[in-house]
Amino acid sequence: MTELLEKRSTRPPSMIYSRSPSPTSRPTSSRPASRATLVTSCNPIQITSSEISCEESRTESHTTLFPVKDQDLLLRRGNTLVVKLHTSVEFTGSYNVSLVFTPAYRSRERFAEFRASGAAKTSSELWLSVTIPTNFPVGKFHAHISLNLRGYLEVLTHFHRGAIMVIFNPWNSEDDSFVESSAEIDDYVLNSQGVIWRGNHRQKIATYWDYGQYEEGSLESALFLLSSLTADECRNVATVTRCLIDQVNDNDGTGVMRSSWTGRYGSGIHPCCWNGSVAVLQRFLHTRTPVKYGQCWVMAGVAVTMMRALGIAARPITCYNMASCSGPTVARYFTSEGDFVHGITSDVVWVYRVCVEARMRRDDLPPGHDGWQFLDTIRSPRIGKAVGPVAPKAVSEKSSKRQLPYLTGVVVAAISAEIKYHRVKAHDLTSIRKASMALVERGTVGVSMVTSTGKNLKDSIDIIWNYKKHEEVDPQPSMTYKMGAFPPPSRDCTFSVSTNDSAILGDTIRLEISIGNCGGMLRTIDGRVVGKIVHYNGTAVRNFFTMQFTGSVSPGQDASVSLPIEGKKYMRHLVPQAMLQFFVCIQARENAQMFIRLHNFVLSLPQLQVSCSDREVPLGQSTRVKLEFKNPLNNSLSRIIFHICGSGLCKQKELSYKYDYYHIGTS
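Chains are numbered independently. Their residues run from 1 in the order of the written sequence. In view of the model being predicted, local features appear only for residues whose pLDDT reaches at least 70, and side-chain atom pairs are presented and counted only at 80 or more, with totals across whole chains, interfaces and linings using the full set of residues. Side-chain figures throughout are based on the complete set of non-hydrogen atoms in the structure, without hydrogens or water.

## Regarding the overall build of the protein
Moving on, step 1. Each helix and strand counted, the protein has 9 helices and 35 strands in total.
Moving on, step 2. Under the scheme applied here, a residue whose accessible area is under 20% of the maximum for its type counts as buried, over 50% as exposed, and between as partly exposed, the area being computed with a 1.4 Å probe on protein chains only. Here the protein holds 667 residues, and 52% of them are scored as buried.
Moving on, step 3. Counted over contacts in the protein with a minimum sequence separation of 6, partners at least 24 positions apart contribute 70%.
Moving on, step 4. To measure how exposed things are, a 1.4 Å probe is used in the Shrake-Rupley method; for residues, cover is taken only from the protein chains shown. Put simply, the protein shows about 30,800 Å² of open surface, and 48% of that area lies on carbon and sulfur atoms. Starting at the N terminus, helices and strands are each numbered in turn, a helix being any DSSP run of H or I of at least four residues and a strand any DSSP run of E of at least two. Contacts were defined at the residue level, with two residues in contact if any of their heavy atoms lie within 4.5 Å.

Written out as structure tokens, the structure reads:
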């Protein structure tokens, strides 16, 4: 292309960009034939063909890895288009030319037009250059070219055969997706693999995820979802990311995935079977119906894939102990006997919830709110809308949450809510009005928010300080007694709960309760421990363990209670993705001092070992990979299936246990 341009004595004339024309000015047909022949009162002339290319190479525009069809063109905002027109006969004199972009998914909307005029010597070719503005709408377009030649009565029209796809440019400082750090671009735009963290804040579990933003279907799915936006809404990162985060979780039959935590997935695929975004997006693009089923970490991975495909720096973030409540507090209920009661209120605290952060410039907010922004695929239970993008500064400065958009107040409550414990009568669990508030717990919601860097997938970084002030994160949660409910004359006892967090599936769990008496009087302690199987979203499955104990602690002394829980007591109650939760309720008789704690425990699973038979594999050649898994249980496992995927290597496949080896690169 450079050689062709050098043959001309002058550079192709630049075209002037104008925004959306009048809505009444629309093409009469959505996609006419690619060649238009017009006969005028002079000589018959037609535009025989058009060529549209990017002045920058695909390497310079960082689009080399995307699968683009021969006639299509992928470019970033700020790149320069070169348009070459061929006419059936030579022409001379002045001309006027316009290039109109029509959305591929909304063909009757005409919103972007470039115009140029000039004079040409006798020629049958016309060259033009078009610089895509840095605020140009992202999306997939068809190009419509109009040419008006002096001496000809008719306007020549031509529709370019291929599609033109415009995406964000994080390398351009004028683009609102700009990322100054090249390391962050490598980690959060170009990197196609990563880790999503699960577990709990003490037992973080790394789940490897194949984003695959360069695979077929990833970019196309993102562009298809943007068809629900207007042209102006596609100009900035904030509205684009909000559109993607809202449509990843299906709400009306048009989203990407159907979310479910019921445990019944017979009509679809179990959420645990997904280990990458590509298979999800390809299924959605093929059927245009929601893929069954996904959960927060799956949908967050899919959202990150589409954002990275569009050129937006994005990463999954895991918030541990994230509240989902209708107000600034979470209400919890327990009986006089010390049993934790589920189901009275919809308020829950997720053991972990995977959300998304995207980097952008926020021209719609006051200065200082640029950078990483919080987005959540799970809709607000109170409003039913997607949350974000929300600036971390807006969350830490709670005073301004009411004036800022996209449900900033919901994020504030999700990571900073207080927990209020209410006591109810065992025989009257449905009467919340009769419940008396016992105490308020602070510092247990939003204890950590982690993500990974692209350099070392196993290393996590805690970004909770971006959303909270340091004084708001207390490593030792505090409890305040409700005046008039249980007013203790003194608080001279200390309590703590711990477990052997290194235990794996099937091991005996040891629950340790430590009690200290800092006062000068003997304290008689009554305690009750209830073990439950719970989902990570805070909903209970069933009880599996109950234990009561009574003891005394001398002044200035410490005591401990050790409760061993054998594997056979919890194994038969487990469900996929469930964890153990211990409700500990302790009270000193003499001063009525009370201690309540929900202690979550994740059973670790043995790691899957992957080894390759070849130390070095030539590009384009197949190799053999060995998968090893050690069964930690005393009983046999059946129906073992390995789920395999890898960007650039193979599509997602299911491998039965009966095979010892799998050839990477084979169909």
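What follows continues from the structure just given.
## Observations regarding the confidence of the model for the protein
Moving on, step 1. Within a predicted model, pLDDT stands for the predictor's per-residue confidence, ranging from 0 to 100. On average, residues of the protein carry a pLDDT of 80, and 82% of them reach 70 or more.
Moving on, step 2. Averaged pLDDT values over the elements of the protein bottom out at 30 in helix 1 (residues 2-6) and peak at 95 in helix 6 (residues 296-309).
Moving on, step 3. Low pLDDT, under 50, characterises residues 1-11; the stretch is placed with 12 contacts to residues that sit more than four places away or in other chains.
Moving on, step 4. Long-range and interchain partners of residues 659-667, a stretch whose pLDDT sits below 50, account for 22 contacts in this model, where long-range means more than four residues apart.

## Things to note about the pattern of salt bridges
Moving on, step 1. By salt bridge we mean one thing: a side-chain nitrogen of Lys or Arg within 4 Å of a carboxyl oxygen of Asp or Glu. Counted by the stated rule, this structure contains 17 salt bridges.
Moving on, step 2. Asp175 is paired through a salt bridge with Arg77; the nearest N and O atoms lie 2.9 Å apart. Placement of the pair is Asp175 in the loop between strand 8 (156-167) and helix 2 (182-190) and Arg77 in the loop between strand 4 (73-76) and strand 5 (80-103), with a sequence separation of 98 residues. Taken as a pair, Asp175 and Arg77 share a single burial class, namely buried.
Moving on, step 3. Arg442 is the salt-bridge partner of Glu418, the closest N and O atoms lying 2.8 Å from each other. Of this pair, Glu418 sits in strand 19 (residues 418-424) while Arg442 sits in strand 20 (residues 436-442), and the two are 24 residues apart along the sequence.
Moving on, step 4. With a relative accessible area of 25%, Glu418 lands in the partly exposed category.

## Brief notes about the nonpolar core
Moving on, step 1. Buried Ala, Val, Leu, Ile, Met, Phe, Trp, Tyr and Cys residues form a nonpolar core when they are joined through side-chain atoms within 4.5 Å. Membership of the largest hydrophobic core comes to 67 residues, with the highest contact counts inside it found for Met307 and Leu310.
Moving on, step 2. Among the elements of the structure, strand 8, strand 9 (193-199), helix 3 (218-225), helix 4 (237-248), helix 5 (278-287), helix 6, strand 13 (314-324) and strand 16 (348-360) are those that each provide at least two residues to this core.
Moving on, step 3. In terms of residue count, helix 6 provides more of this core than any other element does, 11 residues in total.
Moving on, step 4. Dropping the residues within four chain positions of it, Met307 is found in contact with Thr241, Leu244, Ile245, Ile312, Ala314, Val356, Ala358 and Leu375.

## Points about the sheet that holds strand 13
Moving on, step 1. When DSSP finds two or more bridges between a pair of strands, those strands are recorded as paired. Reading across from one edge, 18-17-16-13-21-22 is the order of the 6 strands in this open sheet, with antiparallel pairing throughout. Each end of this open sheet is capped by a strand with a single partner; those strands are strand 18 (387-390) and strand 22 (460-462). Across the sheet, the mean angle from the axis of one strand to that of its neighbour is 25°, orientation sign disregarded.
Moving on, step 2. Where strand 13 meets strand 21 (residues 448-452), 3 bridges bridge the pair, whose relative direction is antiparallel. Residue pairing for strand 21: Tyr320 is matched across the bridge by Ser448.
Moving on, step 3. Axis angles are defined between N-to-C directions and span 0 to 180 degrees, where every axis is a line fitted to C-alpha atoms and, for a helix, only to the segment in contact. Lying on the sheet, helix 4 is in contact with strand 16, strand 17 (371-376) and strand 18; it crosses strand 16 at an angle near 145°.
Moving on, step 4. Docked against the sheet, helix 6 engages strand 13, strand 16 and strand 17, running at close to 0° with respect to strand 16.

## Some points on unusual backbone geometry
Moving on, step 1. Here Lys292 and Tyr293 are connected by a cis peptide whose omega angle stands at 0°.
Moving on, step 2. Tracing the chain through its elements places Tyr293 in strand 12 (residues 291-294).
Moving on, step 3. The omega torsion of the bond from Gly388 to Pro389 falls at 5°, within 30 degrees of zero and hence cis.
Moving on, step 4. With respect to the secondary-structure elements, Pro389 resides in strand 18.
Moving on, step 5. One non-glycine residue, His62, adopts positive backbone phi at about 60°.
Moving on, step 6. With respect to the helices and strands, the residue His62 is situated in the loop between strand 3 (45-54) and strand 4.
Moving on, step 7. Even without being glycine, Ala592 reaches a positive phi, approximately 60°.

## With respect to the sheet that holds strand 30 (residues 594-601)
Moving on, step 1. Strand order in the open sheet formed by 4 strands is 27-26-29-30, with antiparallel pairing between adjacent strands. Among the strands making up the open sheet, the edge pair consists of strand 27 (540-553) and strand 30. Direction aside, the axes of adjacent strands within the sheet are offset by 15° on average.
Moving on, step 2. In this structure, strand 26 (residues 523-535) lies alongside strand 27, joined through 12 bridges in antiparallel fashion. Considered in strand 27, the bridge of Ile525 is made with Gly551.

## Some thoughts on helix 8 (residues 408-416)
Moving on, step 1. Taking burial as the measure, the 9 residues of helix 8 include 7 buried ones, the bulk of the element.
Moving on, step 2. Turning to helix 8, its buried residues are Thr408, Val410, Val411, Val412, Ala413, Ala414 and Ile415.

## Considerations on the pairing of strand 30
Moving on, step 1. The element strand 30 is extensively covered by neighbouring structure, given that 8 of its 8 residues are classed as buried.
Moving on, step 2. Here strand 30 shows no split at all, with Met594, Ile596, Leu598 and Asn600 on one side and Phe595, Arg597, His599 and Phe601 on the other all buried.
Moving on, step 3. Both strand 29 (residues 578-588) and strand 30 contribute to a ladder of 8 bridges, which runs antiparallel. What sits directly across from Leu580, in strand 30, is Phe601.
Moving on, step 4. A loop of 5 residues connects strand 29 with strand 30, the two strands running antiparallel in sequence, and Ala592 in this loop sits at a positive phi of about 60°.

## Regarding the packing of helix 3 against helix 5
Moving on, step 1. Where helix 3 contacts helix 5, the two axes come as close as 9 Å, and the packing angle between them is 55°. By the criterion of interaxial angle, the relationship of helix 3 to helix 5 is oblique. Here the hand of the crossing between helix 3 and helix 5 comes out left-handed. Contacts between helix 3 and helix 5 pair Ser218, Glu220, Ser221, Phe224 and Leu225 from the former with Val278, Leu281, Phe284 and Leu285 from the latter. Note that the term roughly parallel is reserved for angles under 35 degrees, roughly antiparallel for angles over 145, roughly perpendicular for angles of 65 to 115, and oblique for everything else. Crossings are classed by handedness, with left-handed meaning an anticlockwise turn of the near helix from the far one by less than a right angle and right-handed meaning a clockwise turn.

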